[in-house]
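# Structure at a glance
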Amino acid sequence: MSAGFSGSPGALSGAPSGALADALAASLTVALDADLAAADADLAERYPGPPATRHPVHTLYLPAERVHAGVVVEVGAAALDAFDTHLTDAAALVRVFGDVVAGEPGTGGDDDEARTHSEAASLHALVRSKLEREPVEDLRIDFEDGFTQRGVPAGDRDRDEDAHVDRVLAELLVGQGARSEQSEQSAAAGQGPTSSSSLSSPLVAPLPAFWGLRFGSLDPQTRRRGIRTFSRFVSRLAAEGGLPRSLPSGFRPTLPKVTSVDQVDAMVRMCRELEQACGLAERSIGFEIQIETPQSICGPDGSALVARLVHASDRRCIGLHYGTYDYSAACGIAAEYQAMDHPAADHAKAVMQVAAAGTGVALSDGSTNRLPVGEPAAVLAAWTLHARLVDRSLRRGFYQGWDLHPAQLVSRYVATYAFYRRSLPTACTRLSAYLGTAPGGARASAGYLDEPATARALADFCVRALDCGAVTAGEVAELAGVDRAALDRLRRPGTERTLAPERTHPPEQSHHRDHVHDRAETTT
């Protein structure tokens, strides 16, 4: 008999009375709360749920030698030029991106065609505005594979890389400290996209809200140089005030080609020692883990090593980024068939997704190396492919991906905005039915019997749409009858009861599954 329960054994020989059952339940609750306290605390620490801050929809990778003070403006201008050249109006956008705009083409006849063209006009304006206002959400300065140092003699490469580290920081971070805290305070407050230039003093290069570097891996061949570049970059960044002392910043270093938990342990040690040396607060430096080796997915014992990588990171892991081409090559995939939608890629990303679920660690898909360059037909074909792959990733819960060329920002934002806008009406109707917040006080029925977990996912969808600029707060309020603060409360685990009233679902609501119909996926 449980400790603390004083009833006699004979009292339990038959069905317990109501009072006795209640006493037993109360006693068990106290005992099991004590038994499970450590497990509860461990679960809360390891799986805190989604972060409250904004998440970028992409990462633009640029080789370090191409990064300079005006690079974000330059990239934005190039993307806008490609947009204006090839997408002169909404009709042109439909010709190139009709499938992602419609979502499920060829199913709705003339009415769907009319809606597609109407939505294309909105998309055309929204994407063009995004390219003018905030073309880059996340920039990664590449000192790894993209930093080729062609023509630099082997004996001069250390000096050359040091010089690029110093030059990049000198050009980007003059007076950066004052801007860094202002930018992060806006992000921490859950505000939507803000123009980089609006946060810059005349002496500060316009940087995106999120940015960082990728340095050499901790493999033996590149370890010394990777440590040197990372340490030099962070220490000089901190000295210039580019890392706030107490707030987590938008600075995101990327650890590539991870093959073991020991390498994550080593990265944690580097971060700790740099924080101490630079006078930074504990855990000021987080990092992304790049999943581009089979060893990071499946350990030598057959376990899903990626989960252990996340939990070995001392709560510093910001994201898991899939590396399309290194991973595919390591799996023996022929170059022509290396792609984001290859079955080997899907398997790796499925394992990543389960490992990251609930941890607050973001997921990013990889890139396509089919660039929108050359003759118009080649540009449009590359855009069509990229947009389809972006849409595919979004449907599978990968809300971020890599871009390698300014013109890929066009297809990135068209596909991303179309994904959110075409599903927003249904998502908001379901939210308002769940919460009882239909505009005008009407009792809505969405035709779904949504559970609390799905309601959180619906709120998270709306927040992501707001953060990237695909929709406005006014559109969400009009359709769902809720504001941003209500969405933020709902999307955090365990808070849905503060919003959802006690209710019984109307009898006309049917419980059915939301099927996602995928078209045939090929890369050629």
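Before reading further, recall that the structure is shown in the block above.
Right, let's get into the overall build of the protein chain. Counting its secondary structure elements, the protein chain contains 17 helices and eight strands. Put simply, the protein chain has 524 residues, and 48% of those count as buried. Taking all contacts inside the protein chain whose residues are at least 6 apart in sequence as the whole, residues at least 24 apart take part in 79%. Working note: accessible area of the protein chain is about 23,200 Å², and carbon and sulfur atoms make up 55% of it.

Turning to the packing of aromatic side chains, a few remarks are in order. Under the criterion given, the structure shown has 13 aromatic pairs. With a centroid separation of 4.4 Å and 35 degrees between ring planes, the pair formed by tyrosine 61 and tryptophan 402 is classed as tilted. With tyrosine 61 in strand β1 (residues 58–63) and tryptophan 402 in strand β8 (residues 401–403), the pair connects residues that are 341 residues apart, well separated along the chain. Judged by its relative accessible area of 8%, tryptophan 402 falls in the buried class. Aromatic ring contacts, followed pair by pair, group Phe143, Phe147, Trp211, Phe233 and Phe251 into a single cluster. Above the face of the tyrosine 448 ring, arginine 430 is positioned so that its terminal group lies 3.7 Å from the ring centre.

This part is about a nonpolar patch on the surface. Together, Leu28, Leu32 and Leu36 make up a nonpolar patch on the protein surface, roughly 240 Å² of accessible area in all. One can find leucine 32 in helix α1 (residues 18–46). On the basis of relative accessibility, which here comes to 42%, the residue leucine 32 falls in the partly exposed class.

Moving on, we get to the pairing of β1. Across the six residues that make up β1, a large majority, six, are buried. Taking every second residue as pointing to the same face, both faces of β1 are buried, with His58, Leu60 and Leu62 on one and Thr59, Tyr61 and Pro63 on the other. Note: β1 against β8, three bridges, orientation parallel. Counterpart to histidine 58 in the pairing with β8 is glycine 401.

Checked against the element boundaries, alanine 377 lands in helix α13 (residues 376–395). Alanine 377 gets classed as exposed once you look at its relative accessible area, which sits at 60%. As a C-alpha pair, alanine 377 and histidine 86 span 291 residues in sequence and 9.9 Å in three-dimensional space.

If you look at the biggest cluster of nonpolar residues, it comprises 118 residues, and the most contacted ones within it are Phe97, Ile141, Phe230, Phe233 and Leu320. If one sorts the elements of this core by residue count, helix α14 (residues 408–435) sits on top with 15 residues. Dropping the residues within four chain positions of it, phenylalanine 230 is found in contact with Leu213, Phe215, Pro253, Met267, Met270, Cys271, Leu274 and Ile285.

A few words now on the side chain of serine 411. As for its placement among the helices and strands, serine 411 is situated in helix α14. Polar contacts involving the side chain of serine 411 include one to the side chain of histidine 386, which spans 2.6 Å. Beyond its immediate stretch of four places on either side in the chain, serine 411 contacts Phe97, Trp383, His386 and Ala387.

Attention shifts here to the packing of helix α15 (residues 452–468) against helix α17 (residues 484–491). Two numbers describe how α15 lies on α17: the axes approach to 8 Å, and their chain directions differ by 135 degrees. When the interaxial angle is binned, α15 and α17 end up oblique. Seen along the crossing, α15 lies across α17 with a hand that is left-handed. Between α15, through Ala455, Arg456, Ala459, Asp460, Cys462, Val463, Leu466 and Asp467, and α17, the contact on the second element is made entirely by Arg484, Leu487, Asp488, Leu490 and Arg491. Its residues assigned to classes, the contact of α15 with α17 comprises seven nonpolar, no polar and six charged.

When you tally the buried positions in strand β2 (residues 138–142), you get five out of five residues, the bulk of the element. Here β2 shows no split at all, with Asp138, Arg140 and Asp142 on one side and Leu139 and Ile141 on the other all buried. The sheet contact formed by β1 and β2 spans four bridges and is parallel. Along β2, the bridge assignment pairs proline 63 with aspartate 142. One ladder, built from five bridges, connects β2 with strand β3 (residues 210–214); its direction is parallel. From the neighbouring strand, aspartate 138 faces β3, where its bridge partner is phenylalanine 210.

Moving on, we get to helix α3 (residues 90–102). The end-to-end C-alpha separation of α3 is 13 Å, well short of the 18 Å expected for 13 residues at 1.5 Å each. Of all the bends in α3, the greatest measures close to 80 degrees and is centred on valine 96. By the N-cap criterion, in which a side-chain oxygen at the helix start approaches the backbone nitrogen of a residue two or three places on, α3 is capped by aspartate 89, the distance to alanine 91 being 3.2 Å. Of the residues trailing α3, glycine 103 is marked for its positive phi of about 85 degrees.

Turning to the pattern of salt bridges, a few remarks are in order. For the structure on display, the rule yields 45 salt bridges. A salt bridge links arginine 395 to aspartate 391, with the nearest nitrogen and oxygen atoms 2.8 Å apart. Separated by four residues within a single helix, arginine 395 and aspartate 391 lie in helix α13, roughly one turn from each other. The partly exposed category is assigned to arginine 395, whose relative accessible area is 22%.

For glutamine 149, which is not glycine, the phi dihedral falls at a positive 55 degrees. Mapped onto the secondary structure, glutamine 149 falls in the loop between β2 and α5 (157–172). A positive phi is found at arginine 315, a non-glycine position, where the angle reads about 60 degrees. Relative accessible area serves as the criterion here: at 54%, arginine 315 is assigned to the exposed category.

Along the chain, tyrosine 399 turns up in the loop between α13 and β8. The exposure class of tyrosine 399 is partly exposed, given its relative accessible area of 23%. Spatially, the C-alpha atoms of tyrosine 399 and phenylalanine 461 are 10.0 Å apart, while their sequence positions differ by 62 residues. Setting aside residues up to four positions removed in sequence, tyrosine 399 forms contacts with Pro56, Val57, Leu363, Leu394, Phe419, Tyr420 and Arg464.

What counts as what
Residues numbered from 1 in each chain as written. Predicted model: local features only at pLDDT ≥ 70, side-chain atom pairs only at ≥ 80, totals over all residues. Heavy atoms only, no water. Helix = DSSP H or I, 4+ residues; strand = E, 2+ residues; numbered from the N terminus. Buried < 20%, exposed > 50% of the residue type's maximum accessible area, 1.4 Å probe, protein only. Contact = heavy atoms within 4.5 Å. Areas by Shrake-Rupley, 256 points an atom, 1.4 Å probe, with all protein chains shown as cover. Phe/Tyr/Trp six-rings, centres within 6.5 Å; stacked < 30°, edge-to-face > 60°. Lys NZ or Arg CZ within 6 Å of the ring centre and 35° of its normal. Patch = residues over 30% accessible without salt bridge, like charges linked within 9 Å, V, L, I, M, F, W, Y side chains within 5 Å. Salt bridge = Lys/Arg side-chain N within 4 Å of Asp/Glu carboxyl O. Pairing = 2+ DSSP bridges. Core = buried A, V, L, I, M, F, W, Y, C linked by side-chain atoms within 4.5 Å. Polar contact = N/O pair within 3.5 Å; in protein donor to acceptor, adjacent residues only side chain to side chain. Axes fitted to C-alpha atoms, helices over the stretch in contact; angles between N-to-C directions. Parallel < 35°, antiparallel > 145°, perpendicular 65-115°, else oblique. Left-handed = near helix turned anticlockwise from the far one by under 90°. Nonpolar A, V, L, I, M, F, W, Y, C, P; charged D, E, K, R; others polar. Expected span 1.5 Å × (residues − 1). Bend = angle between axes of the 7 residues up to and from the residue.

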